[in-house]
Amino acid sequence: MKKFLSLFFALALTAALCCGCGSGGETTATVRLNEVTHSVFYAPQYVAMKEGFFADEGLEIELTNGGGADKVMTAVLTGQSDIGLAGPEACIYVHNQGKENAPKIFAQLTKRDGSFLVGRTGGEFRWSDLKGKTVIGGRKGGVPEMTLEYVMRQNGVIPNEDAVVDTSVQFNMMAGAFTGGSGDYVALFEPTATEVEQAGKGYILCSIGQESGEIPYTAYFAAQDYMAANPGVIQGFTNAVARGQKWVQEHSAQEIAEAIADQFPGTEVDTLTAVVQRYKDIDAWNDTPVMKQESLERLETVMESAGELDRSEWADFGQLVDNSYAESVQAD
């Protein structure tokens, strides 16, 4: 009986160890990653998944779509997700609430607004065309909406004086609202903007990110207790993201489109290629996961101009951002 029990426990232990091993024989950790939306804008992340960069770090990614930065943050704060990908403004808001376990940013993915302004008519576009019109801009206080307002002001169009910015439509419902007849203009991510144009329901007029300049548009963050308990996971995750960023810099739009095609099963590779080229043309992706202080301060300027942040509420960079993981990637 003792021999039987010994054999049983030995087999059980072996099975348990095998279940936790990746292809390289290393333990695999499942990371529940919640992204703010599903977009070609996050191509380096999808490349890292497809090319096995996360797997090389012993990580398995369980990806979900939060449908808004506020929802992503809620998932991270409640422990439903391990890592969030959204605009840094979500972390700034929580940081200013004084929460003890406020998430920290540890890697930056994109450095420009990834949305494009879509209108009902084509031809040459001037920002003054927005005057007297309604623009579906996204959730009030979100980076897409605030950046849109910032660019409007920079071009002499005062939001909600010269033009209405509709913030009542949920982020993932904006295209449907526009094609259903609401608004005169809408700010859309890709591939949605191109799909709306191909369907004859609108025209892409300009890149909002190209107009706004560099800001830390989307970044990865996690609760401080999760980071403290899983430093190896955070470092491995950052390593994989860095490899994805490097890969997209070194490959063509078509190669990137082919690598991420599985993430967008309803979109043709030719369409994806065109979309990727748009993001390459505006230099949308960070070269490394490091976030720069001056870049965050430009975002806070955008937030301040939108009336969502007082100068006294600007975050302490060192308390909000932990660049140690991203800088360790550079040192390798």
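Note: the structure precedes this text.
Residues numbered from 1 in each chain as written. Predicted model: local features only at pLDDT ≥ 70, side-chain atom pairs only at ≥ 80, totals over all residues. Heavy atoms only, no water.

*Asks:* Is there a simple way to explain the side chain of Ser207 in this structure?
*Replies:* Assignment of secondary structure puts Ser207 in strand β9 (residues 203-207). The buried category is assigned to Ser207, whose relative accessible area is 7%. A polar contact of 3.4 Å, which involves the side chain of Ser207, links it to the backbone nitrogen of Gly209. Here the side chain of Ser207 touches Gln210 through a polar contact of 3.0 Å, landing on its backbone nitrogen. Setting aside residues no more than four positions away along its own chain, Ser207 makes contact with Ser115, Phe116 and Ile282. (Helix = DSSP H or I, 4+ residues; strand = E, 2+ residues; numbered from the N terminus. Buried < 20%, exposed > 50% of the residue type's maximum accessible area, 1.4 Å probe, protein only. Polar contact = N/O pair within 3.5 Å; in protein donor to acceptor, adjacent residues only side chain to side chain. Contact = heavy atoms within 4.5 Å.)

*Asks:* Sorry if this is basic, but what is going on with helix α6 (residues 143-154) here?
*Replies:* Given 3.6 residues per helical turn, the α-helix brings residues three or four places apart onto the same face. The first and last C-alpha atoms of α6 sit 16 Å apart over twelve residues, in line with the 16 Å expected at 1.5 Å per residue. By the criterion of burial, α6 is predominantly enclosed, with ten of the twelve residues buried. What α6 keeps buried is the set Val143, Pro144, Glu145, Met146, Thr147, Leu148, Glu149, Tyr150, Val151 and Met152. Taken from the residues just after α6, Gly156 is the one with a positive phi, measuring 80 degrees. (Expected span 1.5 Å × (residues − 1).)

*Asks:* Explanation requested: the sheet that holds strand β8 (residues 185-188) in the structure shown.
*Replies:* Hydrogen bonding along the main chain pairs the strands of a sheet, whether they run parallel or antiparallel. Ordered in space as β7-β6-β8-β5-β9, the five strands form an open sheet in which the pairing is mixed. What marks the edges here is a single partner per strand, and that holds for β7 (164-166) and β9. Strand-to-strand twist in this sheet, taken as the mean axis angle between neighbours without regard to direction, amounts to 30 degrees. With four bridges joining them, strand β5 (residues 116-119) and β9 adopt antiparallel strand pairing. (Pairing = 2+ DSSP bridges. Axes fitted to C-alpha atoms, helices over the stretch in contact; angles between N-to-C directions.)

*Asks:* Looking at this model, I keep getting lost on the sheet that holds strand β1 (residues 29-35). Mind explaining?
*Replies:* With mixed pairing, five strands are arranged side by side in an open sheet as β2-β1-β3-β10-β4. Bordering the open sheet on either side are β2 (59-65) and β4 (104-110), each of which pairs with just one other strand. Going across the sheet, the axis of each strand differs from the next one's by a mean of 25 degrees, ignoring polarity. The pairing of β4 with strand β10 (residues 218-222) spans five bridges and is antiparallel. Bridge pairing links Ile105 to Phe221 in β10.

*Asks:* Explanation requested: the nonpolar core in the structure shown.
*Replies:* A general trend in soluble globular proteins is that nonpolar side chains are found buried together. Core analysis: the largest hydrophobic core is formed by 105 residues, its most contacted members being Ile83, Phe106, Trp127, Leu130, Tyr220, Phe237 and Tyr279. Take this core: its biggest share by element is seven residues, from helix α11 (residues 231-250). (Core = buried A, V, L, I, M, F, W, Y, C linked by side-chain atoms within 4.5 Å.)

*Asks:* Honestly, the pattern of salt bridges in this entry has me stumped. Any pointers?
*Replies:* A side chain with one charge may pair with a side chain of the opposite charge, provided their charged atoms come close. If you walk through the whole model with that rule in mind, you get 14 salt bridges. The partner of Glu197 in a salt bridge is Arg278, with the nearest N and O atoms 3.9 Å apart. Separated by 81 residues along the polypeptide, Glu197 in helix α8 (residues 192-198) and Arg278 in helix α13 (residues 269-281) bring together distant segments of the chain. Look at Glu197 and you get partly exposed, because its relative accessible area is 28%. (Salt bridge = Lys/Arg side-chain N within 4 Å of Asp/Glu carboxyl O.)

*Asks:* Help me understand unusual backbone geometry in this model?
*Replies:* The general pattern is negative phi for most residues beyond glycine and trans for most peptide bonds. Cis geometry marks the peptide bond from Glu190 to Pro191, where omega comes out at 10 degrees. Along the chain, the position of Pro191 falls in the loop between β8 and α8. A positive phi angle, near 55 degrees, is found at Asp283, a position not held by glycine. Positionally, Asp283 belongs in the loop between α13 and α14 (293-305). Assessed through its relative accessible area of 30%, Asp283 is described here as partly exposed.

*Asks:* Looking at this model, I keep getting lost on the packing of helix α2 (residues 43-50) against helix α12 (residues 253-260). Mind explaining?
*Replies:* A packed helix pair is summarised by two numbers, namely the angle formed by the two axes and the spacing between the axes. Closest axis-to-axis distance for the α2/α12 pair is 9 Å, and the angle between their directions is 60 degrees. One finds that α2 runs oblique with respect to α12. You can see that α2 and α12 cross each other, and the crossing is left-handed. Contacts between α2 and α12 involve Ala43, Tyr46, Val47 and Lys50 from the former and Ile256, Ala259 and Ile260 from the latter. (Parallel < 35°, antiparallel > 145°, perpendicular 65-115°, else oblique. Left-handed = near helix turned anticlockwise from the far one by under 90°.)

*Asks:* How should the packing of aromatic side chains be read in this particular structure?
*Replies:* Here the distance between the centres and the angle between the planes together describe a pair of aromatic rings. A complete count under the given rule lists 15 aromatic pairs for this structure. Ring centres of Phe41 and Tyr217 lie 5.7 Å apart, and the angle between their planes is 70 degrees; this geometry places the pair in the edge-to-face category. Of the two residues, Phe41 is situated in the loop between β1 and α2 and Tyr217 in the loop between α9 (208-212) and β10; the sequence distance between them amounts to 176 residues. An identical accessibility class is assigned to Phe41 and Tyr217; each is buried. A ring pair is formed by Phe189 and Tyr217, whose centres lie 6.1 Å apart and whose planes are at 40 degrees; its orientation type is tilted. Separated by 28 residues along the polypeptide, Phe189 in the loop between β8 and α8 and Tyr217 in the loop between α9 and β10 bring together distant segments of the chain. Overall, the relative accessible area of 8% leaves Phe189 in the buried class. Judged by its relative accessible area of 2%, Tyr217 falls in the buried class. Linked through ring pairs, Phe41, Tyr42, Phe116, Phe171, Phe189, Tyr217, Tyr279 and Trp285 together constitute an aromatic cluster. (Phe/Tyr/Trp six-rings, centres within 6.5 Å; stacked < 30°, edge-to-face > 60°.)

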